[in-house]
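Observations on the three-dimensional arrangement
One letter stands for each residue in the lines below.
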Amino acid sequence: MNKTEKCIAARDYHNKGCNCTQSILATFHEEMGLTESQCLALGGGMGNGVRCGSICGAVSGGVMVLGMLFPATAEEGVAGKKRVAQQTREYIRRFQDRFTDLNCAELLLNKEIQGTQQAELLGVANHCGILIISAVEILCDYIAELKEE
């Protein structure tokens, strides 16, 4: 799937009742080598009033996708852990540059939230939808960069 198709898939998962984390994970299930059901199960505990450290579920889902696509291996040892930590920090930085916050509750209070280009093109107007689509777009761009390295 290309970036637009991934954004549409994430929107559709959310519209079917999936939480933010599930929507991100399920969208990337093929690349991660997982089934859709496995991704929905993994992300099922996020959302619905349960927030892991109050971080936005779209961010959590993106971090999990990065971890699956670019895992730290036992052979890499500490160097792998550092690489994954750097990738995670960079993804979070890009999200935070766009939305200034990572806290779900704070993001939901922000009435002026503006989505990325894909969110606007898809006509997504609700807070969680904007965050999900924007996170997918940011994640797709970052994954493409990482694959070029």
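Cut-offs and rules
Residues numbered from 1 in each chain as written. Predicted model: local features only at pLDDT ≥ 70, side-chain atom pairs only at ≥ 80, totals over all residues. Heavy atoms only, no water. Disulfide = S-S within 2.5 Å. Buried < 20%, exposed > 50% of the residue type's maximum accessible area, 1.4 Å probe, protein only. Phe/Tyr/Trp six-rings, centres within 6.5 Å; stacked < 30°, edge-to-face > 60°. Helix = DSSP H or I, 4+ residues; strand = E, 2+ residues; numbered from the N terminus. Lys NZ or Arg CZ within 6 Å of the ring centre and 35° of its normal. Core = buried A, V, L, I, M, F, W, Y, C linked by side-chain atoms within 4.5 Å. Axes fitted to C-alpha atoms, helices over the stretch in contact; angles between N-to-C directions. Parallel < 35°, antiparallel > 145°, perpendicular 65-115°, else oblique. Left-handed = near helix turned anticlockwise from the far one by under 90°. Contact = heavy atoms within 4.5 Å. Nonpolar A, V, L, I, M, F, W, Y, C, P; charged D, E, K, R; others polar.

**Observations regarding the state of the cysteines**
Using the criterion set out here, one finds zero disulfides in the structure. Unpaired in terms of disulfides, Cys 18 finds its nearest cysteine sulfur in Cys 20, a separation of 10 Å. The class of Cys 18 is buried, set by a relative accessible area of 13%.

**Brief notes about the packing of aromatic side chains**
For the structure shown, the criterion picks out one aromatic pair. Between Phe 95 and Phe 99 the ring centres are 4.9 Å apart and the planes differ by 45°, which places this aromatic pair in the tilted class. With a gap of four residues between them, Phe 95 and Phe 99 both fall in helix 6 (residues 78-99), about one helical turn apart. Phe 99 shares its class with Phe 95; the two are buried. The ring of Phe 28 has Lys 6 lying over it, and the distance from NZ or CZ to the ring centre is 4.7 Å. Taking NZ or CZ as reference, Lys 16 lies 5.7 Å from the ring centre of Tyr 13, over its face.

**Some thoughts on the nonpolar core**
Residues Ile 24, Phe 28, Tyr 91 and Phe 95 are the most contacted members of the largest nonpolar core, which totals 40 residues. When residues of this core are traced back to their parent elements, those giving at least two are helix 1 (3-15), helix 2 (20-27), helix 5 (57-69), helix 6 and helix 9 (127-148). With twelve residues, the single largest contributor to this core is helix 9.

**Remarks on the packing of helix 6 against helix 9**
Relative orientation of the contacting elements helix 6 and helix 9 amounts to 135°, with a least axis distance of 10 Å. Judged on the interaxial angle alone, helix 9 and helix 6 are oblique. Between helix 6 and helix 9 lies a crossing of right-handed hand. Residue-level inspection shows Gln 86, Gln 87, Glu 90, Tyr 91, Arg 94, Phe 95, Arg 98 and Phe 99 of helix 6 in contact with helix 9, the latter providing Ile 130, Leu 131, Ser 134, Ala 135, Ile 138, Leu 139, Tyr 142, Glu 145 and Leu 146. Of the residues belonging to the contact of helix 6 with helix 9, the class tally is ten nonpolar, three polar and four charged.

**A few points about the packing of helix 1 against helix 2**
Running from N to C, helix 1 and helix 2 point in directions that differ by 140°, and their axes come no closer than 8 Å. Considered as vectors, helix 1 and helix 2 are oriented oblique to each other. Considering how the two elements wind past one another, helix 1 and helix 2 form a crossing that is right-handed. Residues Lys 6, Ala 9, Ala 10, Tyr 13 and His 14 of helix 1 form the contact with helix 2, whose participating residues are Ser 23, Ala 26 and Thr 27. For the contact of helix 1 with helix 2, a count of residues per class yields four nonpolar, three polar and one charged.

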